[in-house]
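Structure at a glance
Here is how the chains run, residue by residue.
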Amino acid sequence: MTAILLDGDVLARRRFDELAARVVSLAKRGVVPRLATVLVGDNPASQSYIGRKHENCAELGMASDDIRLPGDIPEDALIARVEALNADPLIHGVLVQLPLPAHLDEGRVGEAVSPAKDVDGLHPMNLGRLLAGTPGLLPCTPAGIEDLLRAHDVPLAGRRVAIIGRGMLVGRPLAMLLSLPGTDAEVTLLHRRSSDLAEVTRQADVVVSAAGQPDLVTADMIRPGAAVVGVGITYVDGGMVSDIADDVAQIAGHVTPRHGSVGAMTRAHLLSNLVRIAEAG
Ligand code: NAD
């Protein structure tokens, strides 16, 4: 058996086309969605992620500002810059690219972004609304993963979903999202201190790995026919390695490709949040 590919690059293209149509409608009202990104320092991976977000904005007819700040900027100066973007009525979405240099408190900087312009969906106010069951702007990677599974008709209601990794970007908000009433997955959140990952993943209908450990999930950990989503990426010798080993495709029913997929879905949902903010404005 060879698994069906959960191809997020193809699906994201469709989502971008749908967003482009909404951007045209907004333009008729004289509104151009505008994203401001803030990159502190010169992390090469962050530069590449930011670059793709701006490319997508341009393709969709949206405006964007690429703000680059020195790696040694004091925290108060960074927060003042974010607050100025919050106050700018022409800017709909503000994103501070993570990770930040070690001297900056990511929690404090993240909280400085206005919850109403939080395109990442990671402000504690938006995460709190998700937890409360009244979601506002959704965290983009979890929203992209749910969309990827639904678009491929992978059932979630009453199904066992094992999520590896309890990080705030992916694992924890994804557990909240998939267990919302109406989605109704039965979620188990696994992490570094879990006693036996395979014991849980072998029972799961869906396995999502957001650990950032090369080849962490192998075929012997997967129930035949299960859907497997690789989110974690590790940079090894200049290349990217997925959390999902190659042999998983031999046993899974659905699997993400070794590269891409979730990254494109993340950008599609980031820009979906931006369009939503502009429409509401
Ligand atoms: P994080 O470092 O905050 O969390 C990693 C989690 O993995 C932790 O909870 C840790 O306990 C768990 N973990 C690590 N090793 C483990 C192991 N051997 N067994 C079980 N659990 C283990 O990371 P994050 O910010 O949540 O991101 C997770 C991964 O997803 C990273 O590799 C990141 O690069 C990737 N990511 C990809 C996208 C994308 O668009 N493709 C978006 C966001 C994050």
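Our structure is the block above this text.
Report on the accompanying structure. It should be emphasised that the depicted structure is a prediction, and the values quoted were computed from it without experimental measurement.

**Focus on the nonpolar core**
With 45 residues, the main nonpolar core has Ile 145, Leu 149 and Leu 271 as its most contacted residues. Elements with a minimum of two residues in this core: helix H1 (8-28), helix H2 (44-59), helix H6 (140-151), strand S5 (160-164), helix H7 (171-178), strand S7 (206-209), strand S8 (227-230) and helix H9 (262-280). Looking at which element gives the most residues to this core, the answer is H9, with 10 residues. Residues within four places of Leu 149 in sequence aside, it is in contact with Leu 6, Val 154, Leu 156, Val 206, Ala 227 and Val 229.

**Looking at a nonpolar patch on the surface**
Together, Ile 233, Tyr 235 and Met 240 make up an exposed nonpolar region whose accessible area comes to about 280 Å². Among the secondary structure elements, Ile 233 is positioned in strand S9 (residues 233-236).

**Comments concerning the sheet that holds strand S1 (residues 4-5)**
Taken in spatial order, the six strands line up as S1-S11-S8-S7-S5-S6 in an open sheet, and their pairing is parallel. Both outer strands of the open sheet, S1 and strand S6 (186-190), are each paired with one neighbouring strand and no more. The pairing of S8 with strand S11 (residues 254-255) spans two bridges and is parallel. In the sheet register, Val 228 faces S11, and the bridge partner there is Val 255. The sheet contacts of H7 involve S5, S6 and S7, and relative to S6 the element is tilted by about 170°.

**A short note on the pairing of S7**
On S7, burial covers both faces: Val 206 and Val 208 on one face and Val 207 and Ser 209 on the other are all buried. In this structure, S7 lies alongside S8, joined through four bridges in parallel fashion. Looking at the pairing, Ser 209 lines up with Gly 230 of S8.

**Describing the pattern of salt bridges**
For the structure on display, the rule yields 13 salt bridges. The shortest N-O distance in the salt bridge between Arg 108 and Asp 76 comes to 3.2 Å. Residue Arg 108 is found in helix H4 (residues 106-112), and its partner Asp 76 is found in helix H3 (residues 75-87); the two are separated by 32 residues along the sequence. Residue Asp 76 is classed as exposed on the basis of its relative accessible area, which comes to 52%. For the salt bridge of Arg 150 with Glu 146, the shortest nitrogen-to-oxygen distance reads 2.7 Å. Here Arg 150 and its partner Glu 146 are both found in helix H6, four residues apart, which amounts to about one turn of the helix. Taking the relative accessible area as the measure of exposure, Arg 150 reaches 42% and is therefore partly exposed. Relative accessible area serves as the criterion here: at 12%, Glu 146 is assigned to the buried category.

How each quantity is defined
- Residues numbered from 1 in each chain as written.
- Predicted model: local features only at pLDDT ≥ 70, side-chain atom pairs only at ≥ 80, totals over all residues.
- Heavy atoms only, no water.
- Core = buried A, V, L, I, M, F, W, Y, C linked by side-chain atoms within 4.5 Å.
- Buried < 20%, exposed > 50% of the residue type's maximum accessible area, 1.4 Å probe, protein only.
- Helix = DSSP H or I, 4+ residues; strand = E, 2+ residues; numbered from the N terminus.
- Contact = heavy atoms within 4.5 Å.
- Patch = residues over 30% accessible without salt bridge, like charges linked within 9 Å, V, L, I, M, F, W, Y side chains within 5 Å.
- Areas by Shrake-Rupley, 256 points an atom, 1.4 Å probe, with all protein chains shown as cover.
- Salt bridge = Lys/Arg side-chain N within 4 Å of Asp/Glu carboxyl O.
- Pairing = 2+ DSSP bridges.
- Axes fitted to C-alpha atoms, helices over the stretch in contact; angles between N-to-C directions.

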